[in-house]
Structures are given as C-alpha cells and as structure tokens.
Amino acid sequence: MPVVRDRRGAVQVLVLDRQDALNAFSPELIGDLRAALDEVAADPGVRAVVLTGAGRAFSAGADIARMAGMDVDGAREFAALGHGMCDAIEALGVPVIAAINGFALGGGCEVALACDIRVGSERTKMAQPEVTLGIPPGWGGTQRLPRIVGEGAAKRMILTGEMVGAEEALAMGLVSSLHPPDDLLDAAVAMGGTIAAASPSAVALSKALIHDALGARPALLEAEAEAFARQFAHPDRREGMEAFLGKRPPDWAA
Ligand code: COA
C-alpha cells in the first residue's frame, strides 16, 4: 500500500511510501492518502495525525512523468485531485502534523502547507519549483505559502523555485521546530500525543476557527487550479517537463 498506516496510541502515523519516485504524488498515491484520511475521520480514537515520508523525501511533488502526458482537461482533473487531498487535510477534525523528513517540493510542499503544524530535521529541503517546469503551483501553494511565510518570502520561493534548507525554513516559520533526523518521527508523535491529551472538541473548534480566519479562500484556490490547467496548453510546460525527465536544462519559448 503506498500509504503505510502505523497507529501509535491516539496518534495515527501515515507514511508516504513510493520511494522509487521520491514519494511523488501519482493519482494512486493521492487516492490512498484520501482513503487513509477517511479512515481517520471515521475513527473517534484518533486524536492527531502525523504525515511523513519513507526514504529521502517527504514528497518530491506531483508526479512529473504522469503530468507530462496530460492535456488541459487532464491537468484540470489532476489539480482537482491535489486540491481535494489538501482540502481533506484541512477539513479533518483532528490536527495533522507534517514530519518533513527530506525533500518537500512542489505538490509535496503544498501538502505540507495544508497540514496544521510542520516539523523538520537537518534533512528538510522545501521548494515550490513549478516555474522551472513551466507551470505555476497548482495545489494551493500560491494561496497557503504567503499566508504562512508572508508575501515576500513566498514570492522568493515561488518565483525562483529555489530550495530552502532546514535552518532557513525554521527562520521563515515554514517549520516550527527542527529535530535530529532519527528523532523526528518520535518528536512529531510526541507532539500529537500532547494534542491528544487536550479536549478533542476544543482542539477541533480551535483548528476550524483558525482556518476560518486565515485559511485559503475557495474561490482563489479554484482560480489557481484553473490557471494551472490552462498553462498545460503553453509550450513551456511541455518543454519544462520533458527537460526534467530528459535530465537536461529547459529551452523556454521566447
Ligand atoms: N515526479 C516523478 N518522478 C520524480 C519526481 C517527481 N516529482 N521527483 C523525483 N522523481 C524521480 C526521478 O525521476 C528519479 O527517477 P529515475 O530513478 O527513474 O530517474 C527518482 O525519482 C530519483 O530522483 P533523482 O532526480 O534521480 O534524485 P536526485 O537526488 O538527483 O534529485 C530531486 C532529487 C528531488 C532534487 C529531484 O528529483 C527533483 O528535482 N525532483 C523534481 C522536483 C519537482 O520539480 N517537483 C515539483 C513537481 S510539481
């Protein structure tokens, strides 16, 4: 199963495990994460979720090999799948902690942004590299990243596509704490345990109230998804993705 379930008391650990593609989100991985979130929503014994990745990555983003073959309609469907996954994390009645064990790039970064709390280690590397592939972020990055790190830092990440390392991520507030790599999961589970000891109804209300105040706006998320899909008609997006898959630099249209 691409999402490994590991229950630790009242904390449900979900591990993205598609290591041959650095846990890139294929439609199948998205579907299994949605199923795992549905299981959590139906289980009153779960009071917090920890989401992490197996191997070198939290997730290296949306599956570029799958996106390379998409037309505008396919991209629209894929954007809807990604947004649905991020919205499901936000809508969950219990907090979700992202334990960012390695790369969190593109859609992987966007999933982490939809989580309630992000923690990392010295191996954490985060980026929104979509513009280097010829597309804008498409799973909420243009909306959630500026809300978390502010407009200037978000623009720097999204417009350059550059990676942010662990210390910088901490300084920006992109992660709230750093831990030794081997202790990261236990630290996230311990944080989940602290949440689990509090009133579940008060925690759920608090999460929803913060989301109502500062969460991404549905109409703007839809606008982002539509802009992402339409860009699939532009020659730059084919060039960007083929260049990545061919392990060569892109040659953009004038
Ligand atoms: N989609 C599909 N496959 C991906 C992927 C993605 N987002 N990210 C990595 N992979 C695959 C690679 O194609 C490679 O597959 P291969 O072994 O069949 O060639 C494998 O995962 C390992 O990646 P590789 O690039 O060889 O590892 P690396 O250590 O040299 O580089 C990264 C690691 C993360 C820097 C690099 O893989 C990368 O830049 N990935 C794309 C990140 C990105 O642009 N994400 C945004 C998508 S919206």
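First, a word on what this report is: a plain description of the structure on this page. Everything numeric in this text was worked out from a predicted model, so none of it was measured. (Residues numbered from 1 in each chain as written. Predicted model: local features only at pLDDT ≥ 70, side-chain atom pairs only at ≥ 80, totals over all residues. Heavy atoms only, no water.)

## Let's talk about the packing of helix α4 (residues 107-114) against helix α5 (residues 141-149)
Convention followed: Every angle, taken between N-to-C directions, lies between 0 and 180 degrees, and every axis is a line fitted to C-alpha atoms, over only the stretch in contact when it is a helix. Helix and strand assignments come from DSSP, with helices taken as H or I runs of at least 4 residues and strands as E runs of at least 2, each series counted from the N terminus. Comment on the angle field: the value is read as roughly parallel under 35 degrees, roughly antiparallel over 145, roughly perpendicular from 65 to 115, and oblique elsewhere. Definitions for this section: a left-handed crossing has its near helix turned counterclockwise from the far helix by less than a right angle. A right-handed crossing has that turn clockwise. When checking whether two residues touch, look at their non-hydrogen atoms; a contact exists if any pair is within 4.5 Å. Each residue receives one of three labels: charged for Asp, Glu, Lys and Arg, nonpolar for Ala, Val, Leu, Ile, Met, Phe, Trp, Tyr, Cys and Pro, and polar for the others, Gly being one of them.
It is the contact of α4 with α5, at a shortest axis distance of 10 Å, that shows an interaxial angle of 55 degrees. The angle between α4 and α5 falls in the class oblique. Considering the relative orientation of α4 and α5, their crossing is left-handed. In contact with Glu 110, Leu 113 and Ala 114 of α4, α5 contributes Gly 141, Arg 144, Leu 145 and Ile 148. Its residues placed into classes, the contact of α4 with α5 shows four nonpolar, one polar and two charged.

## A closer look at the sheet that holds strand β8 (residues 125-127)
Sheet strands pair via backbone hydrogen bonds, and the direction of the pair is either parallel or antiparallel. Rule in force here: Strand pairing is assigned whenever DSSP detects at least two bridges linking the two strands.
On the basis of which strands lie adjacent, the open sheet formed by three strands has the order β4-β6-β8 and parallel pairing. The sheet is open, and its two edges are formed by β4 (57-59) and β8, each paired on a single side. Strand after strand, the sheet turns through a mean of 15 degrees between neighbouring axes, direction not considered. Packing against the sheet, α4 makes contact with β4, β6 (103-105) and β8, and its axis sits at approximately 95 degrees to β6.

## What to know about the packing of aromatic side chains
Stated formally: Aromatic contacts are taken between Phe, Tyr and Trp rings whose centres are within 6.5 Å, Trp giving its six-membered ring; a plane angle under 30 degrees counts as stacked, one over 60 as edge-to-face, and the others as tilted. Here the term buried applies to any residue with accessible area under 20% of the maximum for its type, exposed to any over 50%, and partly exposed to those in between, with areas from a 1.4 Å probe on protein chains only.
Tallying each qualifying case throughout the model produces three aromatic pairs. A centroid spacing of 5.4 Å and a plane angle of 70 degrees characterise the contact between Phe 78 and Trp 139, whose relative ring orientation is edge-to-face. You can see Phe 78 sitting in helix α3 (residues 72-91) and its partner Trp 139 sitting in the loop between β8 and α5, a full 61 residues away along the chain. The same class applies to Phe 78 and to Trp 139, which are both buried. An angle of 55 degrees between the planes, with centres 5.1 Å apart, marks the rings of Phe 228 and Phe 232 as tilted. Among the residues examined, Phe 228 registers a relative accessible area of 4% and is labelled buried. Note on Phe 232: relative accessible area 5%, which makes it buried. An aromatic cluster of three or more residues is present, and its members are Phe 25, Phe 78 and Trp 139.

Worth remembering: the numbers are spatial, not functional.
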